[in-house]
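Single-letter residue listing:
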Amino acid sequence: MYKGQKSIRGGTEDFLCPFTDMYITQGSNGKYSHKGIMANDVRGRVAGIRYPYYAPCKSICVKTYKESGQVMWQSLSKVRFANGRIDYATYMTAHDDTMDAYIGQIIEQGDQLGNMGKKGNATGIHCHIQISQSKDTSWFKNQYGNYQFNNEYDLDDCYFVDYTNIIQGQGGNWKTTGKVPVIEISGKEALDQIIHPGSKVMFDGIFSVDIIKRGTNLFGNTKLTGVSFNTYYNEKAMPYHWIPLNDWTETDKYGNQVDQDDIVYGGESYVINNNSYIVKEIDIKTNSAKLILNNKEIWIFSTFLKEI
Ligand SMILES: [Zn+2]
């Protein structure tokens, strides 16, 4: 990234590569001080120069280690990583000889975070960087004696390299924001529309009342359930494919509310449902979701639900 660079899509900051020029001298799980950890040592274009680096997202200083020029930073909000995950970032930078960060200090995305340096056990001027895709600030020694976070990801899964000149990328699968498209609706990221247990959903559409189960307030709809009219008609449909009418409103076939005579006719009437429901279970094979309507379990195709 360059100084002052910002990247926000769908109301979420993209986590950017803090370096303008990136020459990786030691990659993740390296033979030396990176054994068992996901960390990179990065120098700039010319070896031996204390190049500045910038905040990959709006960050707050949560821990400092003066003797090694080391700072633990955390994003103030969830950010978007290069692997598409959206979560908090907790990350460590090290070896800054000029380090003057203090706990509680807030740095805006694109503002200077520090300078490459040699402080601590560094062999040459560089920035050591290590990232957890979580809010967990635990920092502990692994079996090789190297410090690490929980939930560390390799750096190419963490930052976007828009406007970073990669001189030595160590074969990483470096991605720009263009590789992780975001669908925005009025400045907010659209929901993924992947329905899972716990999703809050509404019915999406106008549905015909194909049949009423005699003597009940249950109706059948072939589109919602995939059950044929004949199966309904011959009373062979499973109980969970009969839908209670209680939460539905009668409309015409364009969805306009009609005079409520409270009588809905099989094969004639149309209904909509403006209530929201929580998905109880999903069945991936049939792409169906289980909902509870009026205390009754029903299974319907997820295609006719929208996540809200
Ligand atoms: Zn290192």
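Residues numbered from 1 in each chain as written. Predicted model: local features only at pLDDT ≥ 70, side-chain atom pairs only at ≥ 80, totals over all residues.

### Some points on the sheet that holds strand β26 (residues 277-278)
Right, on to step 1. Spatially, the 3 strands line up as an open sheet ordered β26-β19-β30, and their pairing is antiparallel. Whereas interior strands pair on both sides, the edge strands pair on one side only; in this sheet they are β26 and β30 (305-307).
Right, on to step 2. Bridging between strand β19 (residues 200-203) and β26 involves 2 bridges; their strand directions are antiparallel. Along β26, the bridge assignment pairs V201 with Y277. (Pairing = 2+ DSSP bridges. Helix = DSSP H or I, 4+ residues; strand = E, 2+ residues; numbered from the N terminus.)

### Describing unusual backbone geometry
Right, on to step 1. One non-glycine residue, E235, lies in the positive phi region at around 60°.
Right, on to step 2. Here E235 lies in the loop between α2 (229-233) and β23 (243-244).
Right, on to step 3. Despite not being glycine, N295 shows a phi value in the positive range, around 65°.

### Description of the nonpolar core
Right, on to step 1. F15, C17, I129, C158 and Y159 are the most contacted members of the largest nonpolar core, which has 40 residues in total.
Right, on to step 2. Secondary structure elements with two or more residues in this core: β3 (21-26), β4 (39-43), β5 (52-54), β7 (70-75), β10 (90-94) and β13 (127-132).
Right, on to step 3. With 25 residues, the next largest nonpolar core counts V201, F203, I212 and L305 among its residues. (Core = buried A, V, L, I, M, F, W, Y, C linked by C-beta atoms within 7 Å. Buried ≥ 20, exposed ≤ 12 C-beta atoms within 10 Å, placed from the backbone.)

### Comments concerning the pairing of β10
Right, on to step 1. Most of β10 is tucked away, with 5 of its 5 residues classed as buried.
Right, on to step 2. Side-chain alternation along β10 places T90, M92 and A94 on one buried face and Y91 and T93 on a second face that is also buried.
Right, on to step 3. The pairing of β7 with β10 spans 4 bridges and is classified as antiparallel. Looking across to β10, one finds that M72 is bridged to M92.
Right, on to step 4. As paired strands, β10 and β13 are joined by 5 bridges and run antiparallel to one another. Bridged to A94 within β13 is H128.

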